[in-house]
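# Observations on chain architecture
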Amino acid sequence: MSVALVLICACTLFPGSYSAASQFINGSYGGKPYKLYVPNGYSSNKSYPLYVMLHGCTQDASQFATGTKMNALADEKNFLVLYPEQTSSGNSNKCWNWFETAHQSRGSGEPAIIAGMVNTIKNNYSIQDNQVYAAGLSAGAAMSVIMGATYPDLFSGIGVGAGLEYKAATSMTGAFTAMSSGGPNPSQQGNAAYQAMGSRAKVMPVIVFHGTSDYTVYPVNGDQVISQWSITNDLAQNGTNDGWINDQPERTENFTESGGRSYSVSDYEGGDGNVWMKKVTVQSMGHAWSGGSSQGSYTDPQGPDASRMMWEFFDSFTSDGGGESDTTAPITAANPKGGTYNQPVQVTLQVNEEASTHYTTDGSDPTIQSALYTEPILITENTTLRFFSRDSSKNSESIKQEIYVIDESAPPSEGISIPSLSLEDGFAGQLTADGKGIGDIKVGDKGMYNTDTYRGIISFDTSTLGQTTIDSAVIRLYTKTLTGTVSSIQADIKNGTFGTAAIEQSDYSAIASLNNIASIPSPAASGYIDLVLPASALSHINKSGKTQFRLKATTTPGFNKNQIEFYGGGNDALSPVLIINGANE
């Protein structure tokens, strides 16, 4: 496409104002500029896919558009291309800050800005919701991985050119280490990406390009991206790591680009037989966009055309009718939710679409061979109910769990009981050497005349409250062990999470929404305690996401440790629960 065909405009135009000619439009969102390419022949009467292209360090939107040749492909295949642009004030080398914790989570930093740009384009242009893709080079590729993990509801696939796994680093020093030697264990990072997806988790199409002679981001990182996403996708498929997809390809084929480089393409199939991941390994290619134009920066024209191969891969998930095939899992809810009841309860499993629901009542993971839900389930004793639904397109949601405690001596529970999230419960030490842990919730000191060594973290998904008016709330905790003397327990509340949802050492001192909201003196060595939240804390319960609580203990300094441990989530009837009393608005 010649420069004469490119129309530059300083503002975001609306679909109705377009002529048929292609346009390259300037815009900005959240303090960062972007460019939007609208293809030749665009009509607001049709809907189009959107590709979000994230440039590498030292590049800008125009260079990346030139180097990837994505605009010419957009004219040929009819899609829009958004090029978010990093500023030199955001990073001196104009790198996306993929290695900083402030830019690795949903709702904050650069991921939130990029998502905001996408939503702006979707509001102003005719975009197909289920055909929005993120792709990038180097730092942009690492950010595309973050976008896939944190906004799976917004993106339908990601392309990774010379990139790194999710949270491959959390500091500048760690970034250089990861680039040369790889990041943390991909299985661990795969689980972290799945946790970042949260209730929006879904299987994500992923295509990876990496050169064997990349000495900026070494090839081990391309392997780790595949391994990380194999775990993430396996978990997203049904909530369990059961080998539905893994990092061993079903086939690898070798090719040679005409007059260019040799390369291999590895296909990774899911249990449904579809190729959900591809890895393209380009022989002797350095740190570059494969098959790009020599007029751009960081390109290798001798490699296979990464832009076209990405389009072909993502297009394989669309139906003949031009829309994406159904890859959305059903959503099932139990009514009433788990909690402590003083009499038997009948539980109804409600699903949002036509689907088959399978369940177990012994705490084991249900499969499609498990009991089929056909009528309300009568719960007469302590029961761990686990369930999932599967639709006609064989989309299965993550396994869900509700724990019911039948205790005739318990006071009537007229409210909603929300169990804690087992993978987000644990503790954080005051110092790095004190460590951190997932699971049981430890509070107190380590002895040796220290105090307040460990603080417990409890996490609840309170998004199910919706429009509920909260009149009162209680945290119920079941004691596991008590060592020494603990004079009292206090709690802080966080609307959202103290850091990321996962347990981090920084959770110990992270800012709370409200401190010391509840206290209980001299907790017993057995049974349970109820921390009653005051009215001032109720407004900090997050009805559209997660709410976390941090426990602190008052102890007397001494040589011996003074600690109390509470059971974390996943311990059936002994798991923490948040009991909400209120009414629907």
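Residues numbered from 1 in each chain as written. Predicted model: local features only at pLDDT ≥ 70, side-chain atom pairs only at ≥ 80, totals over all residues. Heavy atoms only, no water.

## What about the overall build of the protein?
Within the protein, the regular secondary structure consists of 9 helices and 33 strands. Taken over C-alpha atoms, the radius of gyration comes to 26 Å for the protein, in line with the 25 Å a tight globule of 585 residues would show. Expressed along its principal axes, the backbone C-alpha trace of the protein runs to roughly 80 × 55 × 45 Å. When each of the 585 residues of the protein is scored for burial, the buried share is 55%. A separation of at least 24 residues holds for 69% of the contacts in the protein among residues at least 6 apart in sequence. (Helix = DSSP H or I, 4+ residues; strand = E, 2+ residues; numbered from the N terminus. Rg over C-alpha atoms; globule rule 2.2 N^0.38 Å. Buried < 20%, exposed > 50% of the residue type's maximum accessible area, 1.4 Å probe, protein only. Contact = heavy atoms within 4.5 Å.)

## Observations concerning the packing of aromatic side chains
Applying the stated criterion across every chain, the model contains 21 aromatic pairs. Within the aromatic cluster, the residues linked to one another by ring pairs are Tyr51, Phe79, Tyr133, Trp244, Trp276, Phe313, Phe314 and Phe317. Sitting over the face of the ring of Phe24, Lys35 holds its NZ or CZ atom 5.4 Å from the ring centroid. Sitting over the face of the ring of Phe427, Lys442 holds its NZ or CZ atom 4.4 Å from the ring centroid. (Phe/Tyr/Trp six-rings, centres within 6.5 Å; stacked < 30°, edge-to-face > 60°. Lys NZ or Arg CZ within 6 Å of the ring centre and 35° of its normal.)

## Examining the sheet that holds strand E17 (residues 355-360)
Across the sheet, 5 strands lie side by side as E15-E21-E20-E17-E18; this open sheet has mixed pairing. Pairing within the sheet leaves two strands with one partner each, and these edge strands are strand E15 (339-341) and strand E18 (371-372). As judged from the 5 bridges shared by strand E20 (residues 383-391) and strand E21 (residues 400-406), these two strands associate in the antiparallel manner. Bridged to Thr384 within E21 is Ile403. (Pairing = 2+ DSSP bridges.)

## What about the pairing of strand E26 (residues 454-461)?
Within a regular beta strand, the side chains point alternately toward one face of the sheet and then the other, so they alternate between its two faces. Within E26, 7 of the 8 residues are buried, leaving the element largely enclosed by the surrounding structure. Where E26 meets strand E31 (residues 546-554), 6 bridges bridge the pair, whose relative direction is antiparallel. For Ile458, the partnering residue across the bridge sits in E31 and is Phe549.

## Observations concerning the pattern of salt bridges
Under the counting rule described, the total for this entry stands at 20 salt bridges. With a closest N to O distance of 2.9 Å, Glu269 and Arg251 form a salt bridge. Highlighted residues: Glu269 in strand E10 (residues 262-269) and Arg251 in strand E9 (residues 251-256), separated in sequence by 18 residues. Judged by its relative accessible area of 34%, Arg251 is partly exposed. Several salt bridges converge on common partners, so that one network encompasses Glu76, Lys77, Asp305 and Arg308. (Salt bridge = Lys/Arg side-chain N within 4 Å of Asp/Glu carboxyl O.)

## Re the layout of surface pockets
Rolled over the atoms, a probe with the dimensions of a water molecule shows which regions are left empty. Within this model, the second largest pocket holds a volume of roughly 660 Å³. What lines the second largest pocket is a set of 34 residues, and nearest its centre among them are Gln237, Trp244, Asp272, Lys394 and Asn395. For the lining of the second largest pocket, the residue count by class is 13 nonpolar, 12 polar and 9 charged. (1 Å grid on protein atoms, 1.4 Å probe; cavity = no way out; pocket = protein on both sides within 12 Å on 5 of 7 lines; lining within 4 Å. Points joined across faces, edges and corners; volume = space filled by probe spheres on them. Nonpolar A, V, L, I, M, F, W, Y, C, P; charged D, E, K, R; others polar.)

## Comments concerning the packing of helix H3 (residues 109-124) against helix H4 (residues 139-150)
In a pair of packed helices, the angle between the axes and the distance between the axes together describe the arrangement. Two numbers describe how H3 lies on H4: the axes approach to 10 Å, and their chain directions differ by 75°. When the axes of H3 and H4 are compared, the pair comes out roughly perpendicular. Seen from H3, the contacting residues are Glu110, Pro111, Ile114 and Ala115; seen from H4, they are Met143, Ile146, Met147 and Thr150. In the contact of H3 with H4, the residues fall into 6 nonpolar, 1 polar and 1 charged. (Axes fitted to C-alpha atoms, helices over the stretch in contact; angles between N-to-C directions. Parallel < 35°, antiparallel > 145°, perpendicular 65-115°, else oblique.)

## Some thoughts on the packing of H4 against helix H7 (residues 220-238)
Between H4 and H7, the least distance of the axes is 13 Å, while the angle of their chain directions is 0°. Classified by the interaxial angle, the pair formed by H4 and H7 is roughly parallel. Between H4 and H7, the residues in contact are Val145, Gly148 and Ala149 and Val225, Gln228 and Trp229, respectively. Residues belonging to the contact of H4 with H7 are distributed by class as follows: 4 nonpolar, 2 polar and no charged.

## Side note on H7
With 19 residues, H7 should reach 27 Å at 1.5 Å per residue; the first-to-last C-alpha distance of 28 Å fits that figure. Counting buried positions along H7 yields 17 of 19 residues, so the element is predominantly enclosed. Phi for Gly239, located one or two positions after H7, is positive at around 90°. (Expected span 1.5 Å × (residues − 1).)

## A word on empty space enclosed by the protein
Throughout the structure, instances matching the rule amount to 3 cavities of 30 Å³ or more. Each pocket or cavity is described by its volume, and for the second largest cavity that value is around 40 Å³. Taken together, Gly339, Thr340, Ile403, Val405, Tyr478, Asp572, Ala573, Ser575 and Val577 form the lining of the second largest cavity. At the level of elements, E15 and E21 are the ones that each hand at least two residues to the lining of the second largest cavity. When its residues are assigned to classes, the lining of the second largest cavity shows 5 nonpolar, 3 polar and 1 charged.

## Here we look at the side chain of Asp507
For Asp507, the position within the fold is in the loop between strand E28 (488-495) and strand E29 (514-521). As a buried residue without a salt bridge, Asp507 has its nearest oppositely charged side chain in Arg550, at a separation of 6.9 Å. One polar contact links the side chain of Asp507 to the main-chain amide nitrogen of Glu504, over a distance of 2.9 Å. Excluding its chain neighbours within four sequence positions, the residues that come into contact with Asp507 are Ala428, Ile457, Phe498, Gly499, Ala502 and Arg550. (Lys, Arg positive; Asp, Glu negative; His and termini not counted. Polar contact = N/O pair within 3.5 Å; in protein donor to acceptor, adjacent residues only side chain to side chain.)

## Focus on the UniProt feature "domain: GH29D-like beta-sandwich" (unreviewed entry) in the protein
Feature annotation in UniProt assigns "domain: GH29D-like beta-sandwich" (unreviewed entry) to the following positions: residues 336-400. For the annotated span residues 336-400, helix accounts for 0% and strand for 48% of the residues, and the straight-line distance between the end C-alpha atoms is 14 Å. (UniProt positions renumbered as here; feature names shortened; annotations may be inferred.)

## Details of the side chain of Ser293
Relative to the helices and strands, Ser293 is located in the loop between strand E12 (289-290) and strand E13 (299-300). Apart from residues no more than four positions distant in its own chain, Ser293 is found in contact with Thr66, Gly67, Lys69, Thr299 and Pro301.

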